[in-house]
Amino acid sequence: MAQGVSLKKVVIDALKPHEIDILDLSKAICLHNGINSVSISVIEMDVKTETIKITVTGDDIDLNEIKKIVERYSTAIRSIDEISVAKQNHRH
Amino acid sequence: MYTEISRIGEISRRYFVMNAFDGLLTIIGVIMGSFISGVDDVKIIIGTGVAASWAMGVSGFIGALITEQAERERKVKDIEKAILTELDGSILEKAEKFAVIVAALIDGLSPLLVSVISISPLFLSLYSLLSLYYSLALSLFLAIFLLFIIGLYLGKTAGGNLIYYGLIMTTSGILVAITSLFIGKV
């Protein structure tokens, strides 16, 4: 990421098995540094899977870390649908 | 979390009841067989009971290990296909592996445990604290009592009539004991 720019919001489209609880997944993401809030909504229900939309907001989100957590929770990331970045405030 | 993901709670309950039931009926068979054939050496009866319990334990452990592993590997592969991603090292894969071990342990330990408890009065006879006849009767009573307890547990799980489930289990034990008498005399 460019120096002085931080990721403030990311929206991920993902596919998870029914067995994985969205509460567990959202808490696991939220516990990470630089993240203020996580919301997950179920978009579509299938026989074995659910399509979910994960919205993460924070001061300085590490997208790679989020990807790792999501994969650890047996969930496949299909696409990154929204990104919001902002210049970091410099203190002199 | 692993327990919820793998839904091992329900399967464990089923395995526990099924195998404890198997173990108790087998022990009733051993007790009745010893009684009918007039074995007067308690060491032989204890040896037979312990060996039968051990065999049931090993059989339960290995049987559940292999079948659960096959079933759960298949489940993980099905999910991998559905989400088009490998699940190696993920929480779901770990939860399923955990479930295999838990299921195998319960499947192995439940018949072993109830059988050993059932034949425990025979040790009183071994140390000459009780006559062989009474210790056999006490073992039989203990096995049937354990069947009743397992029935109560089943009834509680089903949220139904506890006594009804308890009596069904007890009746099956008594039936095995009575029919063993007839079969043994043939």
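Asker: Which residues make up the overall build of chain A, and what values do they have?
Answerer: Helices and strands together make up the secondary structure of chain A, namely 2 helices and 4 strands. Each helix and strand of chain A, ordered N terminal to C terminal, gives the series β-α-β-β-α-β. Judged by the C-alpha coordinates and their principal axes, chain A covers about 55 × 20 × 20 Å. Here chain A, with 92 residues, has 24% of them falling under the buried criterion. Across chain A, contacts joining residues at least 24 apart in sequence account for 72% of those joining residues at least 6 apart.

Asker: Quick rundown of the overall build of chain B? Include the residues and the values.
Answerer: Counting its secondary structure elements, chain B contains 7 helices and 0 strands. Secondary structure elements of chain B occur, N-terminal to C-terminal, as α-α-α-α-α-α-α. Considered along the principal axes of its C-alpha atoms, chain B spans approximately 65 × 35 × 35 Å. Out of the 186 residues in chain B, the part that is buried amounts to 38%. Expressed as a percentage of contacts within chain B between residues at least 6 apart in sequence, the contacts between residues at least 24 apart total 72%.

Asker: Go over unusual backbone geometry with me, naming the residues and quoting the values.
Answerer: Generally, phi is negative for residues other than glycine and the peptide bonds are trans, each holding for most cases. Residue and element names in this part refer to chain B. Positioned with a positive phi, Leu84 is a non-glycine residue whose angle comes to about 55°. Along the chain, Leu84 turns up in the loop between helix H3 (42-83) and helix H4 (91-119). On the neighbour-count criterion, Leu84 (10 C-beta atoms within 10 Å) is exposed.

Asker: Outline the interface of chain A and chain B, supporting the account with residue identities and numerical values.
Answerer: How big an interface is tends to be stated in terms of accessible area lost as the parts join. The interface is formed by 12 residues belonging to chain A together with 12 residues belonging to chain B. If you list the elements that add at least two residues to the side of chain A that touches chain B, you get strand S1 (5-17) and helix H2 (63-72) of chain A. Classifying every residue of the side of chain A that touches chain B by side-chain character gives 5 nonpolar, 2 polar and 5 charged.

Asker: Before we move on, could you go through the packing of helix H2 (residues 8-36) of chain B against helix H6 (residues 132-158) of chain B and cite the residues and values that matter?
Answerer: All names here are of chain B. The interhelical angle for the contact between H2 and H6, taken along N-to-C directions, is 160°, at an axis separation of 10 Å. One element, H2, and the other, H6, form an angle in the roughly antiparallel class. The chirality of how H2 crosses H6 is left-handed. Contact residues: H2 offers Arg13, Val17, Ala20, Phe21, Leu24, Ile27, Ile28, Ile31, Ser34 and Phe35, while H6 offers Leu136, Ser139, Leu140, Ala143, Leu146, Leu147, Ile150, Leu154 and Thr157. Classifying every residue of the contact of H2 with H6 gives 15 nonpolar, 3 polar and 1 charged.

Asker: Pulling in residues and values, what's your account of H2(B)?
Answerer: With 29 residues, H2(B) ought to run about 42 Å at 1.5 Å a step, and its terminal C-alpha atoms sit 41 Å apart, in line with that. B:Gly38 sits one or two residues past H2(B) and shows a positive phi near 70°.

Asker: For the pairing of strand S2 (residues 35-45) of chain A, give the residues involved together with the corresponding values.
Answerer: All names here are of chain A. Burial analysis of S2 places just 1 of its 11 residues in the buried class, which makes it a mostly uncovered element. Judged from the 9 bridges that link them, S2 and strand S3 (residues 49-58) form a sheet pairing that is antiparallel. Its bridge partner lying in S3, Ser41 is registered against Lys53. What sits between S2 and S3 in their antiparallel hairpin is a turn of 3 residues.

Asker: Tell me about the packing of H2(B) against H3(B), residues and numbers included.
Answerer: Two numbers describe a pair of packed helices, the interaxial angle and the distance between the axes. Residues and elements named next belong to chain B. Packing of H2 against H3 leaves a shortest axis separation of 10 Å and a crossing angle of 155°. It follows that H2 is roughly antiparallel to H3 by the angle criterion. Crossing of H2 over H3 shows right-handed handedness. Along its contact with H2, which presents Tyr15, Asn19, Asp22, Gly23, Thr26, Ile27, Val30 and Ser34, the element H3 presents Ile45, Thr48, Gly49, Ala52, Ser53, Met56, Gly60 and Ala64. For the contact of H2 with H3, the per-class residue count stands at 7 nonpolar, 8 polar and 1 charged.

What counts as what
Residues numbered from 1 in each chain as written. Chains lettered and ligands numbered in written order. Predicted model: local features only at pLDDT ≥ 70, side-chain atom pairs only at ≥ 80, totals over all residues. Helix = DSSP H or I, 4+ residues; strand = E, 2+ residues; numbered from the N terminus. Buried ≥ 20, exposed ≤ 12 C-beta atoms within 10 Å, placed from the backbone. Contact = placed C-beta atoms within 7 Å. Nonpolar A, V, L, I, M, F, W, Y, C, P; charged D, E, K, R; others polar. Axes fitted to C-alpha atoms, helices over the stretch in contact; angles between N-to-C directions. Parallel < 35°, antiparallel > 145°, perpendicular 65-115°, else oblique. Left-handed = near helix turned anticlockwise from the far one by under 90°. Expected span 1.5 Å × (residues − 1). Pairing = 2+ DSSP bridges.

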